Amino acid sequence: VQLQASGGGLVQAGGSLRLSCAASGRTFSNYNVGWFRQAPGKDREFVAAIRRSGGSTYYTDSVKGQFTISRDNARATVYLQMNSLKPEDTATYYCAADRDLIVSSMGNGGAYDYWGQGTLVTVSS
């Protein structure tokens, strides 16, 4: 499956952005999808993930209540709604997909087989 992340940009602190991860090439509804981010000079970190059916979602503690992951399988797209953005949310955001992930692996970037190219989010103070 091919993934295309978009929606990044420059936003002031407190603002919102919605990232999109559009998939092509395979039956998208068969894939679990995660969002990860990497800030300059830092390791990649898990942000959020959603199961194939969309019935279960997972978040890193720092974004709970602030970010919402959702999916539209008919449009083969996963979204990451980001509200109340903070300067520390500045990073390149990547979406990733994998068919066969157990729940405990949803936050493990190494478990995902397919990655998009990343979209840059910059939050100014």
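Rules used in this analysis
- Residues numbered from 1 in each chain as written.
- Predicted model: local features only at pLDDT ≥ 70, side-chain atom pairs only at ≥ 80, totals over all residues.
- Heavy atoms only, no water.
- Helix = DSSP H or I, 4+ residues; strand = E, 2+ residues; numbered from the N terminus.
- Rg over C-alpha atoms; globule rule 2.2 N^0.38 Å.
- Buried < 20%, exposed > 50% of the residue type's maximum accessible area, 1.4 Å probe, protein only.
- Contact = heavy atoms within 4.5 Å.
- Areas by Shrake-Rupley, 256 points an atom, 1.4 Å probe, with all protein chains shown as cover.
- Lys, Arg positive; Asp, Glu negative; His and termini not counted.
- Charge placed at Lys NZ, Arg CZ, Asp CG, Glu CD.
- Disulfide = S-S within 2.5 Å.
- Pairing = 2+ DSSP bridges.
- Axes fitted to C-alpha atoms, helices over the stretch in contact; angles between N-to-C directions.
- Core = buried A, V, L, I, M, F, W, Y, C linked by side-chain atoms within 4.5 Å.

Undergrad: Would you mind showing me how to read the overall build of the chain here?
TA: A tally of regular secondary structure across the chain gives 0 helices and 11 strands. Computed over its C-alpha atoms, the radius of gyration of the chain comes to 13 Å, within 12% of the 14 Å expected for a compact globule of 125 residues. Along the first, second and third principal axes, the C-alpha set of the chain runs to 40 × 25 × 25 Å. For the chain, the proportion of its 125 residues judged to be buried stands at 43%. In the chain, of all internal contacts separated by at least 6 residues, the share reaching a separation of at least 24 is 58%. Summed over all atoms, the accessible surface of the chain reaches about 6100 Å², with 42% contributed by carbon and sulfur. Side chains of the chain carry 12 positive and 9 negative charges; the gap between the two charge centres is 6 Å.

Undergrad: Please clarify how the state of the cysteines should be interpreted in this entry.
TA: A covalent bond between the sulfur atoms of two cysteines is what we call a disulfide. What the rule picks out here adds up to 1 disulfide. One disulfide bridge connects Cys 21 with Cys 95, the sulfur atoms lying 2.2 Å from each other. Taking the sign of the S-S torsion, 75° for the link of Cys 21 and Cys 95, the bridge is right-handed. Placement of the pair is Cys 21 in strand E3 (residues 17-24) and Cys 95 in strand E9 (residues 91-98), with a sequence separation of 74 residues. When its relative accessible area of 0% is taken as the criterion, Cys 95 is described as buried.

Undergrad: Honestly, the sheet that holds E3 in this entry has me stumped. Any pointers?
TA: Spatially, the 4 strands line up as an open sheet ordered E1-E3-E8-E7, and their pairing is antiparallel. Each edge of the sheet is formed by a strand with only one pairing partner; in this case those strands are strand E1 (2-6) and strand E7 (67-72). Shown here is a sheet whose adjacent strand axes are inclined to one another by a mean of 15°, direction ignored. Pairing analysis gives 6 bridges linking E3 to strand E8 (residues 77-82), with the strands arranged antiparallel. The residue bridging Ser 20 from the neighbouring strand is Tyr 79, located in E8.

Undergrad: Is there a simple way to explain the nonpolar core in this structure?
TA: Most often, soluble globular proteins keep nonpolar side chains buried together rather than apart. Judged by nonpolar contacts, the single largest core of 30 residues is most densely connected at Trp 35, Val 47, Phe 67, Val 78, Leu 80, Met 82 and Tyr 93. For this core, the secondary structure elements donating two or more residues are E1, E3, strand E4 (32-38), strand E5 (45-50), E7, E8, E9 and strand E11 (119-124).

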